[in-house]
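Here is how the chains run, residue by residue.
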Amino acid sequence: MTFFGRIANDLCQEPFFKDFKYRKRKYSFIQRFEGGWRSVDFRHITEGRLCSIYPSFNVRFDIAEKWFEKFNFRTLSDQRDSSTVGFEGVMLGYPSAFDIPTDGLDYDEQYAYLRDVVIKCATYTFNTYKSIQDVYFNIILPEVNGDKTMFSSGSDWLFERLIISKIIDPEHFSSVKDAYIKQAAWMVSRNEPNMARYYYRMDEIISYLESLDLDKMMQSNGKKVILRNPEK
C-alpha cells in the first residue's frame, strides 16, 4: 500500500464520508445526487520522505455542463469530470497543501489536522452550493455587479454561468449575458487561448442556448434538477 493509500483508507472510515464512494483511480471521494455530484479530490505528490496533499472541493450540476458538450473542445471524459463549483483550501481561509512525512512520525496528529480541515472545507462547499440557485446568488450576481472578480482564464465557467442565469432569472438574462460577453472579449484581447476557441462562435452558442427547452432539460433522463436550496 502506498502512503497516500493509508490516508485514503483512514478517510474511508470517517463518518463524514460514509455516503461517499472512493474512486481510487481518481483519488476522489464522490457522492452523487439527482442531476449531479459533489466530491473531495486529493491530488498528491510523494517525493522522498514527504507526501504533499492538495485537496479540492467540488460540486457539479449536470444541467450547467451537458448542454455545452457539442461545442466543447475537451474530451468527453474530461468534461464529465468537470465541476460547476470548485474550491481549494486557501480560497476558504484554510491551507491548500499538507506535507505529511512518510516515515509515520506524528502521523496521527498530521492526519487529524488534514481530516479536520478537509471536513470543514467540504461542509462549507456542500452546504453553500446545494442548488444552481446558490450558484446564481453567491457567484453570478456578485460577478455581474462587480462585487466579485470574474475569472481571467479558462472558458467553460462562462457558459455554465450563462445557462444557470437563463434558468434562474430569465428576466435579467440579457444584462448577465452582456457582462460575461464583455469579459470574454477582454480575455481574448489578452490572448487567453481557451476563450479564443469560442469567442468567434459566441453568437452561435448563445443562439443555441436560447433555443433550448429548459423545462424539458430539467426533467431529462428522469433526473430532477435541484433549482433551489431547500433550506432557504
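Remember, predicted model here, so these are calculated numbers, not experimental data.

## Some details on the overall build of the protein chain
Counting secondary structure elements, the protein chain contains 10 helices and 6 strands. For 232 residues, the compact-globule formula gives about 17 Å, and the C-alpha radius of gyration of the protein chain, at 19 Å, lands near that figure. For the C-alpha atoms alone, the extent of the protein chain along its principal axes is close to 60 × 40 × 35 Å. By the burial criterion, 47% of the 232 residues in the protein chain qualify as buried. When contacts within the protein chain are restricted to residue pairs at least 6 apart in sequence, those whose partners lie at least 24 apart make up 63%. Distance between charge centroids for the protein chain: 4 Å, based on 32 positive and 33 negative side chains.

## Observations regarding the pattern of salt bridges
Throughout the structure, instances matching the rule amount to 10 salt bridges. With a shortest N-O distance of 3.3 Å, Asp-19 and Lys-18 are connected by a salt bridge. The exposed category is assigned to Lys-18, whose relative accessible area is 63%. Each of the salt bridges in this network shares a partner with another, and the network as a whole consists of Glu-14, Arg-115 and Asp-116.

## Some remarks on the packing of aromatic side chains
Summed over all chains, the structure comprises 27 aromatic pairs. Here Phe-68 and Phe-71 contribute two aromatic rings whose centre-to-centre distance is 5.9 Å and whose plane-to-plane angle is 35°, an arrangement assigned as tilted. Of the two residues examined, Phe-68 and Phe-71, each falls in the buried class. Ring geometry for Tyr-199 and Tyr-200: centres 5.2 Å apart, planes at 80°, overall edge-to-face. Tyr-199 sits in the partly exposed class, given a relative accessible area of 24%. A residue is classified by how much of its surface remains accessible, and Tyr-200, at 68% relative accessible area, is exposed. The structure contains a cluster of three or more aromatic residues connected by ring pairs, namely Phe-4, Phe-16, Phe-17, Phe-20, Tyr-22, Tyr-27, Phe-29, Phe-42 and Phe-126. Here the basic side chain of Arg-43 rests over the ring of Tyr-54, its NZ or CZ set 4.3 Å away from the ring centre. The lysine or arginine in question, Lys-70, covers the ring of Tyr-208, its NZ or CZ lying 4.3 Å from the ring centre.

## Some details on the side chain of Arg-38
If you trace the backbone, Arg-38 turns up in strand β3 (residues 36-47). Buried charge Arg-38 goes without a salt bridge, the closest partner of opposite sign being Asp-19 at 8.4 Å. Polar contacts involving the side chain of Arg-38 include one to the side chain of Gln-31, which spans 2.7 Å. If we skip the residues at most four places from it in the chain, Arg-38 touches Phe-20, Phe-29, Ile-30, Gln-31, Phe-33, Asn-58, Val-59 and Phe-126.

## Overview of empty space enclosed by the protein
Within this structure, the stated rule accounts for 1 cavity of 30 Å³ or more. Empty space within the largest cavity amounts to approximately 70 Å³. Taken together, Ala-64, Glu-65, Trp-67, Phe-68, Asn-72, Arg-74, Gln-79, Ser-82, Asp-156, Phe-159 and Glu-160 make up the full set of residues lining the largest cavity. Those elements that provide at least two residues to the lining of the largest cavity are α2 (62-65) and α6 (156-168). Considering each element in turn, the lining of the largest cavity owes the most residues, 3 residues, to α6.

Criteria and cut-off values
The numbering scheme is per chain: residues are counted from 1 as the chain's sequence reads. Since the coordinates come from a predicted model, pLDDT governs what is reported: local features require at least 70, and pairs of side-chain atoms require 80 or more to be given and counted, while whole-chain, interface and lining totals use all residues. Working from all heavy atoms in the structure, the side-chain values ignore hydrogens and water. Numbering of helices and strands runs from the N terminus; a helix is a DSSP stretch of H or I covering at least four residues, while a strand is a stretch of E covering at least two. Each radius of gyration is computed over the set of C-alpha atoms, and the globule rule expresses the reference value as 2.2 Å times the number of residues to the power 0.38. Only protein chains enter the area calculation, which uses a 1.4 Å probe; residues under 20% of their type maximum are buried, those over 50% are exposed, and those in between are partly exposed. Note on contacts: a residue pair qualifies if any of its non-hydrogen atoms lie within 4.5 Å across the two residues. The charge count treats Lys and Arg as positive and Asp and Glu as negative. His and the chain ends do not count. A single reference atom marks each charge: NZ on Lys, CZ on Arg, CG on Asp, CD on Glu. A carboxyl oxygen of Asp or Glu within 4 Å of a side-chain nitrogen of Lys or Arg is what we treat as a salt bridge. Aromatic contacts are taken between Phe, Tyr and Trp rings whose centres are within 6.5 Å, Trp giving its six-membered ring; a plane angle under 30 degrees counts as stacked, one over 60 as edge-to-face, and the others as tilted. In this analysis the charged atom, NZ for Lys or CZ for Arg, is taken to sit over a ring once it is within 6 Å of the ring centre and within 35 degrees of the ring normal. Distance and chemistry together define a polar contact, namely a pair of N or O atoms within 3.5 Å, with one atom able to donate a hydrogen and the other to accept it when in protein, and with adjacent residues in sequence counting only for side-chain atoms on both sides. Site definitions follow a grid-based scheme: protein atoms alone, a 1 Å grid, a 1.4 Å probe that fits but cannot get out for cavities, and for pockets an open set with protein on both sides within 12 Å along at least five of seven lines, plus lining residues having an atom within 4 Å of a point. Grid points are joined across faces, edges and corners, and a volume is the space filled by probe spheres set on the points.

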